[in-house]
Amino acid sequence: QTYKRIGDFHAYYSGQKVAPILTIMVGGNHEASNYLQELHYGGWVAPNIYYLGAAGVINVCKRTPSHSVSSLRIGGVSGIYSPHHYKLGRFEVAPYGQSELRSVYHTREVEVKRLEALASMNERPIDVFISHDWPRGIYHHGNVNQLLKKKPFFQKEVQDNSLGSPANEQLLHLLKPHYWFSAHLHVKFSAEIRHRSSEGPQKDSDDATKRSALKSGDSAAQEQNTAETATTEFHGMESNDGNCPDSNPNVQSLTEQMTRFLSLDKCLPKRRHIQIMHVEPSMTTRSSTESPSAGVVNTPWLEYDTQWLSVLTQTHEWTQCTRSPVNLANGNVSVTKEQIH
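Rules and cut-offs
- Residues numbered from 1 in each chain as written.
- Predicted model: local features only at pLDDT ≥ 70, side-chain atom pairs only at ≥ 80, totals over all residues.
- Heavy atoms only, no water.
- Helix = DSSP H or I, 4+ residues; strand = E, 2+ residues; numbered from the N terminus.
- Buried < 20%, exposed > 50% of the residue type's maximum accessible area, 1.4 Å probe, protein only.
- Contact = heavy atoms within 4.5 Å.
- Areas by Shrake-Rupley, 256 points an atom, 1.4 Å probe, with all protein chains shown as cover.
- Axes fitted to C-alpha atoms, helices over the stretch in contact; angles between N-to-C directions.
- Parallel < 35°, antiparallel > 145°, perpendicular 65-115°, else oblique.
- Left-handed = near helix turned anticlockwise from the far one by under 90°.
- Nonpolar A, V, L, I, M, F, W, Y, C, P; charged D, E, K, R; others polar.
- Polar contact = N/O pair within 3.5 Å; in protein donor to acceptor, adjacent residues only side chain to side chain.
- Pairing = 2+ DSSP bridges.

Enquirer: Explain the overall build of the protein to me, using residue names and the numbers behind them.
Expert: From N to C terminus, the protein includes 11 helices and 11 strands. Among the 341 residues that make up the protein, the fraction classed as buried is 49%. The contacts of the protein with a sequence gap of at least 6 include a subset with a gap of at least 24, amounting to 75%. Only carbon and sulfur atoms are counted for the fraction: they give 51% of the accessible area of the protein, which is about 18,100 Å².

Written out as structure tokens, the structure reads:
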């Protein structure tokens, strides 16, 4: 009965309320899935709220006083991982049965393969990636002992390395976004991932050592893990005053081979649910127009990502409304520069 109580989404959907700032969102496991399903490829789900779809990439653009346009590339994948529905098509149709109420928000392999295709293009990095589900194994790149103090019932899944989404783990190490933001587990947790040059999930022996220490109760190894991750908390703040703090000298500067991960708690009083951050855009282009007014400078807008549109065009046949596994025999998507519209 808890989940049958209506929240405030309907007020934003109908336009009774309007988000005060431009908001980019993905779906989780407590959304109005029937409405989000109408925007499978993404779109404006409400005034000033843009939904990335089952998976998507968008560019947030903003003019600067120096006649330039800065562009922040944001990607995301909706839902949570379930091995039972991962390879299937999108067969759910409203009104949903008891099973479809859950399967409708399960991530599909089709969306993950489309996002993986961006990694092979090597054109431009993802500045920010958003998911509801955590990437599997992310806890071994942050203060896992502190996490387990807050959520001790995660212990077995952390030991088994089964907490989180293996699909998101794959995307994390292929796309190497500068920042990755998640939710779902109702706890604030940050981590810093240093990627290797090779693609694919890292088979790091250090992670195995950390899991062994957790199983055996090796306090020395656990203390070492805590010390190693003590500086992974990146600069930000928990307030509603809209101000960004000064740079923290104890935090290493972000490089092309690093991802900073952050998950926040539930949006409730006295919970760590908000953090304000400054993210540098990966692309700035010179504008040929006249110097913009102050109002124009401060107003961001969205642009479609041409590479992502090309991937969708090349994989259109993957979008299937079937309960059977989608045939991804030719799962490697190749998009040439000529095909990018």
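Enquirer: Give a detailed account of the packing of helix α4 (residues 109–119) against helix α11 (residues 306–314), specifying residues and quantitative values.
Expert: Look at α4 against α11: their axes get within 10 Å of each other, and the N-to-C directions meet at 130°. In terms of their interaxial angle, α4 and α11 are classed as oblique. Handedness of the α4/α11 crossing: right-handed. Seen from α4, the contacting residues are R114, L115, A117 and L118; seen from α11, they are Q307, W308, V311 and L312. The residue makeup of the contact of α4 with α11, split by class, is 6 nonpolar, 1 polar and 1 charged.

Enquirer: So what about helix α7 (residues 166–175)? Which residues, and what values?
Expert: One turn of the α-helix equals 3.6 residues, which is why residues spaced by three or four share an orientation. Among the 10 residues in α7, 8 count as buried, and that is most of the element. Residues of α7 that are buried include every one of A167, N168, E169, L171, L172, H173, L174 and L175, and no others. Where α7 is buried, its residues meet β5 (68–77), α4, β6 (128–131), β7 (179–182), β8 (189–194) and β9 (258–263).

Enquirer: I'd love a proper account of the side chain of T107, names of residues and values included.
Expert: Within the secondary structure, T107 sits in the loop between α3 (100–103) and α4. Residue T107 is classed as buried on the basis of its relative accessible area of 4%. At 2.8 Å, the side chain of T107 and the backbone oxygen of S78 are in polar contact.

Enquirer: Before we move on, could you go through the sheet that holds strand β2 (residues 43–46) and cite the residues and values that matter?
Expert: Pairing is mixed in the open sheet, where 3 strands are placed in the order β1-β3-β2. Since the sheet does not close on itself, it has two edges, and those belong to β1 (23–25) and β2, each with one partner. Adjacent strand axes in the sheet meet at a mean angle of 40°, parallel and antiparallel pairs treated alike. As paired elements, β2 and strand β3 (residues 49–51) share 3 bridges and run antiparallel to each other.

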